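# Geometric and topological summary
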Amino acid sequence: MSDPYVKIDIENEVAYIEFFHPAHNSLPGDVLAKLAQTITDAGTNDAIKVIVLKSGGDRTFCAGASFKELININDAATGKVFFSGFANVINAMRKCPKFIIGRIQGKTVGGGVGLAAATDYCMASKFAAIKLSELNIGIGPFVVGPAIERKMGLSAMSQIAIDANTFYPAEWAKQKGLFTQVYESTEELDEAVKTTAEHLCTYNTEAMLEMKKVFWTGTDNWDALLAERAATSGKLVLSDFTKEKLKGFK
């Protein structure tokens, strides 16, 4: 399991969409684009009633955006495109007409927290600590901020955005509304995710669609909002401060 991938497996009307990258599941633009398209396609597939979003590997759900790509950004237009990667996935999840269950088996950072927040029902293991580390390199969680604020509230989002060095435990994330349940092991998590997803498949799909519309009320402007936020990050990543910080990652 060394090459990056996005794959989908359908079982009992549940689509398990899994992404992976060997660098702690940090996601480059091509993987993010494929992930967004896979979610969009699953939303229109009549063989699928519920979607589970998961990642490969054991102890890291998603380490955010690819630092390798981040380091090579030299102009604002490229920066906007780079930061639009997570924006496009979040918007694909928002627009998807089916419930998306998050399966968060390990640590998640930056954009990964945004993905967790954009699921409709998020389940985690006790190893799923979260961190927003963007301020450390002179930018901020601008693109994922709306999704996190929507799920956890402005106070909790502000706390982890400012305290950019700290991993907050899964139980804290549960208390703040990001996770619905926290399990002792990945095995318990997987069993609970499967049971929940398959049980949801017994419900009225039209009712779930209408409920999803209600859950995402007030987000119709997110295509424009997240693009604007991506442009902000794309500009900040060119700052002398950030360029100097990124040298330490080469």
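Predicted model, so just to flag it, every value in this text is computed and none were measured.

### Some remarks on the packing of aromatic side chains
One pass over the full model with this rule turns up six aromatic pairs. Look at F99 and F215: their rings are 6.0 Å apart centre to centre, the planes differ by 20 degrees, and that puts the pair in the stacked class. Of this pair, F99 sits in the loop between α3 (76-95) and β5 (100-104) while F215 sits in helix α9 (residues 205-215), and the two are 116 residues apart along the sequence. Accessibility expressed as a relative area gives 9% for F99, which makes it buried. F215 gets classed as partly exposed once you look at its relative accessible area, which sits at 39%. Measuring from ring centre to ring centre gives 5.7 Å for W216 and W222, while their planes differ by 90 degrees; the resulting arrangement is edge-to-face. A residue is classified by how much of its surface remains accessible, and W216, at 4% relative accessible area, is buried. The ring of F167 is capped by K107, whose NZ or CZ atom sits 4.4 Å from the centre of that ring. Stacked on the ring of W216, the Lys or Arg R150 has its end atom at 3.5 Å from the ring centre.

### Some points on helix α5 (residues 145-152)
For α5, the buried fraction is high: six of the eight residues fall into the buried class. Of the surrounding secondary structure, the elements contacted by the buried residues of α5 are α3, α4 (111-118), β8 (130-131), α6 (154-162), α7 (170-175) and α10 (222-236). Of the residues trailing α5, G153 is marked for its positive phi of about 95 degrees.

### So, the nonpolar core
F19, L35, I39, L115, I130, L178 and F179 are the most contacted members of the largest nonpolar core, which totals 65 residues. Those residues in contact with L115 that lie beyond four places of it in its chain are F19, L27, L35, F61, F86, V89, I90 and M93. If you look at the next biggest cluster of nonpolar residues, it comprises 15 residues, including V14, V50, M123 and A192.

Analysis parameters
- Residues numbered from 1 in each chain as written.
- Predicted model: local features only at pLDDT ≥ 70, side-chain atom pairs only at ≥ 80, totals over all residues.
- Heavy atoms only, no water.
- Phe/Tyr/Trp six-rings, centres within 6.5 Å; stacked < 30°, edge-to-face > 60°.
- Helix = DSSP H or I, 4+ residues; strand = E, 2+ residues; numbered from the N terminus.
- Buried < 20%, exposed > 50% of the residue type's maximum accessible area, 1.4 Å probe, protein only.
- Lys NZ or Arg CZ within 6 Å of the ring centre and 35° of its normal.
- Contact = heavy atoms within 4.5 Å.
- Core = buried A, V, L, I, M, F, W, Y, C linked by side-chain atoms within 4.5 Å.

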